[in-house]
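# Overview (structure and organization)
Each chain, written out:
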Amino acid sequence: MLDFQCFQLILEPLIQEYIDFCRVEKGLSKNTLIAYQRDLFRLDTFCTRHSYGIVDVVPEHLDKFINSLHREKLSERSIARHTASIRNFYTYLLQEKIVTLNPAEKLKSPKLPAQLPKFLNLQEIDILLAAPPTNTPLGTRDRAMLQLLYATGLRVSELVTVELTNLDSELGILRVTGKGGKQRIVPVGRDALDAINTYLEQNRNLILNNRHSGYLFVTSRGSHMTRQAFWHRLRHYGLKSQIYKKLTPHILRHSFATHLLERGADLRSLQLLLGHSDISTTQIYTHVLRQRLRTVYDQHHPRSG
């Protein structure tokens with residue numbers, strides 16, 4: 001069972017078996033597994049409360065469960081995730097011949113509005129990347145992290161766990177282990193490499209204070225920074241830069257992708273750089289470009305309106 005920082009879920013054995021299958025056979029990330037655990041634990045609790053087992057569930061039971069989520073005022077996105085978790089779980093039970101019919105086969109997921117990714121413009125990026133101070137060890141570390149994040153479009157979980165051996169400064173490439181343990185190679189620009197080299201040569205050992213660590217970006221404990229800690233640092237620099245958007249690491253990932261497309265990158269190359277398993281995930285960025293073209297047209301064409 002996964003190690004939770006705050007609590008430990010006591011899972012129904014079949015759910016635990018499924019989570020183990022997802023971890024070992026499908027190689028899903030820890031965050032995805034935690035989401036599956038929570039969603040299915042909630043379903044199992046609902047079943048127990050209504051005196052039937054999880055293998056005895058019929059479509060009407062699942063409909064009632066989803067309705068209960070609506071009554072609890074969960075967001076549509078959260079309910080959609082619960083629906084996907086349940087579908088995948090019962091598909092597994094059917095494949096393993098634990099159930100003979102899939103009660104989730106026709107389970108409807110709420111329709112979510114298409115959300116265009118938020119991103120920073122080039123001026124905002126320049127201001128943000130210059131926000132961390134260069135006269136403190138932590139400042140140079142943070143600047144190197146921001147530079148690398150924008151240069152490569154990494155997920156935050158990939159950024160904080162980069163190891164020293166993953167970076168080849170001579171070739172200007174970074175080996176990244178993404179979702180499901182899939183590996184990819186991403187080029188790193190000169191500005192990011194310069195920021196990283198400054199951090200490595202002048203400040204990394206000061207932060208470690210004689211400790212040893214295999215991670216590129218370290219804390220005084222010798223471990224890597226947590227995702228939550230990096231979010232906090234990013235928000236701090238966003239406020240310092242007077243960028244009043246709710247900054248997240250994913251906004252920098254979206255900025256990386258959008259700026260590449262604006263300068264002529266093709267979707268297939270972008271898919272490889274971002275580590276998307278399906279190009280349909282990458283195609284959301286074409287909506288950003290279409291929206292921008294529409295805005296430019298409306299603003300500048302003499303007969304647009």
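Below you will find a few notes about this structure. Just so it is clear, the structure is predicted and the values come from calculations on it, not from any experiment.

Quick notes on the rules
- Residues numbered from 1 in each chain as written.
- Predicted model: local features only at pLDDT ≥ 70, side-chain atom pairs only at ≥ 80, totals over all residues.
- Heavy atoms only, no water.
- Helix = DSSP H or I, 4+ residues; strand = E, 2+ residues; numbered from the N terminus.
- Buried < 20%, exposed > 50% of the residue type's maximum accessible area, 1.4 Å probe, protein only.
- Contact = heavy atoms within 4.5 Å.
- Areas by Shrake-Rupley, 256 points an atom, 1.4 Å probe, with all protein chains shown as cover.
- Core = buried A, V, L, I, M, F, W, Y, C linked by side-chain atoms within 4.5 Å.
- Arc of directions from axis to C-beta.
- Polar contact = N/O pair within 3.5 Å; in protein donor to acceptor, adjacent residues only side chain to side chain.
- Axes fitted to C-alpha atoms, helices over the stretch in contact; angles between N-to-C directions.
- Parallel < 35°, antiparallel > 145°, perpendicular 65-115°, else oblique.
- Left-handed = near helix turned anticlockwise from the far one by under 90°.
- Nonpolar A, V, L, I, M, F, W, Y, C, P; charged D, E, K, R; others polar.

A few words now on the overall build of the chain. Looking only at helices and strands, the chain features 14 helices and 3 strands. For the chain, the proportion of its 305 residues judged to be buried stands at 43%. Contacts in the chain between residues at least 24 apart in sequence constitute 57% of all its contacts with a sequence separation of at least 6. Accessible surface for the chain amounts to roughly 17500 Å². Of this, 52% is attributable to carbon and sulfur atoms.

In terms of nonpolar packing, the biggest core is built from 46 residues, with L128, F217 and F230 touching the most fellow members. Considering each element in turn, this core owes the most residues, 6 residues, to helix α6 (residues 137-152). In this structure, L128 is in contact with L120, L146, L234, Y237, G238, S241, I243, L247 and L252, ignoring residues within four places of it in sequence. Residues I19, V57, L69 and Y90 belong to the second largest nonpolar core, which totals 29 residues.

To continue, consider helix α5 (residues 122-129). Listing the buried residues of α5 in full gives E124, I125, L128 and L129. What you see down the axis of α5 is that its buried residues fit within an arc of 125 degrees, all on one side. Residues of α5 that are exposed and point over 90 degrees away from its buried face: Q123 and D126. For α5, the N-terminal capping position is held by N121, with its side-chain oxygen 3.1 Å away from the main-chain nitrogen of Q123.

Interhelical geometry of helix α1 (residues 13-24) versus helix α2 (residues 30-49) gives an angle of 165 degrees and a closest axis separation of 10 Å. Classified by the angle their axes make, α1 and α2 are roughly antiparallel. Of the two elements, α1 crosses α2, and the hand of that crossing is right-handed. Contacts from I15, Q16, Y18, I19, C22 and R23 of α1 reach α2 at L33, Y36, Q37, L40 and D44. Split by residue class, the contact of α1 with α2 holds 7 nonpolar, 2 polar and 2 charged.

Remember, this is a structural readout, not a statement about activity or role.
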